[in-house]
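Report on the structure
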Amino acid sequence: MKHLLHAALLLIITCACQSKPALHIYTWSQYLDPEVIAAFEAREHCRVVVDTFSSNEELFAKIKNMKGSQAYDILTPSDYMTGIMIADGLLEELPSGHKGLDAWDNLDSSFLDLDFDRGNRYSMPYLVGMTGMAWDEERTKLNADDLSWKIFLDPRFKNQTGILNDMRESFAVAAKLAGRRANETDPQALEAAAQTIKLLKENSRTIISDGFEQLLASGEIAIAHAYNNSLLSLKRQRSSLRFAIPKEGGVIWLDNMAIVKGAPKKELALRFLNHCLDPQIAAKNSLFAYSATPNKNALRYLPEEFSKDPALYPPREAIGNKLEWLKNPGMTVNAAYARLWNDVLSD
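In this report, the structure presented in the accompanying data block is examined.

Overview of the overall build of the chain
Within the chain, the regular secondary structure consists of 13 helices and ten strands. The globule rule puts the C-alpha radius of gyration for 347 residues at 20 Å, and the 21 Å found for the chain is close to it. Judged by the C-alpha coordinates and their principal axes, the chain covers about 70 × 45 × 45 Å. In the chain, which comprises 347 residues, the share counted as buried stands at 54%. Counted over contacts in the chain with a minimum sequence separation of 6, partners at least 24 positions apart contribute 74%.

Shown next, in the form of structure tokens:
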């Protein structure tokens, strides 16, 4: 009898959970604080289901080929990918005047109305970061003044480096090594960049996006092409880890929240975006993801050592100078990037 009662109780709980509306989110790993999700689920009497991707290109391919039964509601594409997805008709337009996003004014205007989405008709700024170089100061004996992307080609560090499995970020590094800008469009320069990436790959131990930070923390590699948020969260485990932008420059990125075109739970998705605009919620997500927040009113809820860290919040004068935004170069150039990248990976 007890077994029957237990089974019946489990069935009731399961049915109750399944009867709740489900909001499906497709995002980067470790990007939403579980407490933030739990609070939203309790308030809205819903379930939030989170799946993760490891690159913008993986995100695009999944959504482009998505069938109805696999539909997502919310995505977090980076700046240039947001522009590509808008052009491809994959994102839902936000309500006029951002109606329903009551705390929109909490957002720092520096991260609004950018090239990829003028007027923020389709996207809401979520988290900000940089891509540069991470290294183990103790093992490499390098300091910030030594930093150059050329280190990734240095035979002294063969099999001690890792480069990101991220198409646009890797091409940006190759462009910087050639003394060019990150948003390269010249066909010959792109061909040359692909050859440079092959050399970087040959000198490295791995090409990876999810997991490079664990390789650094464990000592399996000593230098990495890295997103700042992934690396900085590990400094407590290995105090000799450092992050900085090499002298040739790096990339600044803005990950956005956007609603998928034809999302099954469009209204619930909009309420989740509004939930994340709350300054205290934004601060929780910022700390959990170890990323800077574009929510200016969230800063008061962050520890000062976090909000004042230049490895998280770079000087404004560095943006556009030492730090470049990646941009959507258009369909033809994107196809060239993809073709050359596939060649790099298969080499």
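Brief notes about the pattern of salt bridges
Enumeration according to the criterion identifies 17 salt bridges in this entry. Between Arg121 and Glu93 there is a salt bridge; the shortest N-O distance is 3.0 Å. Of this pair, Arg121 sits in the loop between α4 (79–87) and β4 (124–136) while Glu93 sits in the loop between α4 and β4, and the two are 28 residues apart along the sequence. According to the relative accessible area criterion, Arg121 is partly exposed, its value standing at 42%.

Remarks on the environment of Ser209
Structurally, the position occupied by Ser209 is in the loop between β6 (206–207) and α8 (212–218). A C-alpha to C-alpha distance of 24 Å links Ser209 and Ile259, two positions 50 residues apart in sequence. In contact with Ser209, not counting residues within four places along its chain, are Ser54, Leu164, Asn165, Asp166 and Tyr227.

As for helix α11 (residues 279–289)
The set of residues buried in α11 consists of Pro279, Ile281, Ala282, Ala283, Asn285, Ser286 and Ala289. In this structure, the buried side of α11 is in contact with α2 (34–44), β4, α9 (228–232), α10 (266–277) and α12 (304–307). N-cap assignment for α11: the residue whose side-chain oxygen lies 2.9 Å from the backbone N of Gln280 is Asp278. One or two residues past the end of α11 sits Tyr290, with phi positive at roughly 50°.

Rules behind the numbers
- Residues numbered from 1 in each chain as written.
- Predicted model: local features only at pLDDT ≥ 70, side-chain atom pairs only at ≥ 80, totals over all residues.
- Heavy atoms only, no water.
- Helix = DSSP H or I, 4+ residues; strand = E, 2+ residues; numbered from the N terminus.
- Rg over C-alpha atoms; globule rule 2.2 N^0.38 Å.
- Buried < 20%, exposed > 50% of the residue type's maximum accessible area, 1.4 Å probe, protein only.
- Contact = heavy atoms within 4.5 Å.
- Salt bridge = Lys/Arg side-chain N within 4 Å of Asp/Glu carboxyl O.
- Polar contact = N/O pair within 3.5 Å; in protein donor to acceptor, adjacent residues only side chain to side chain.

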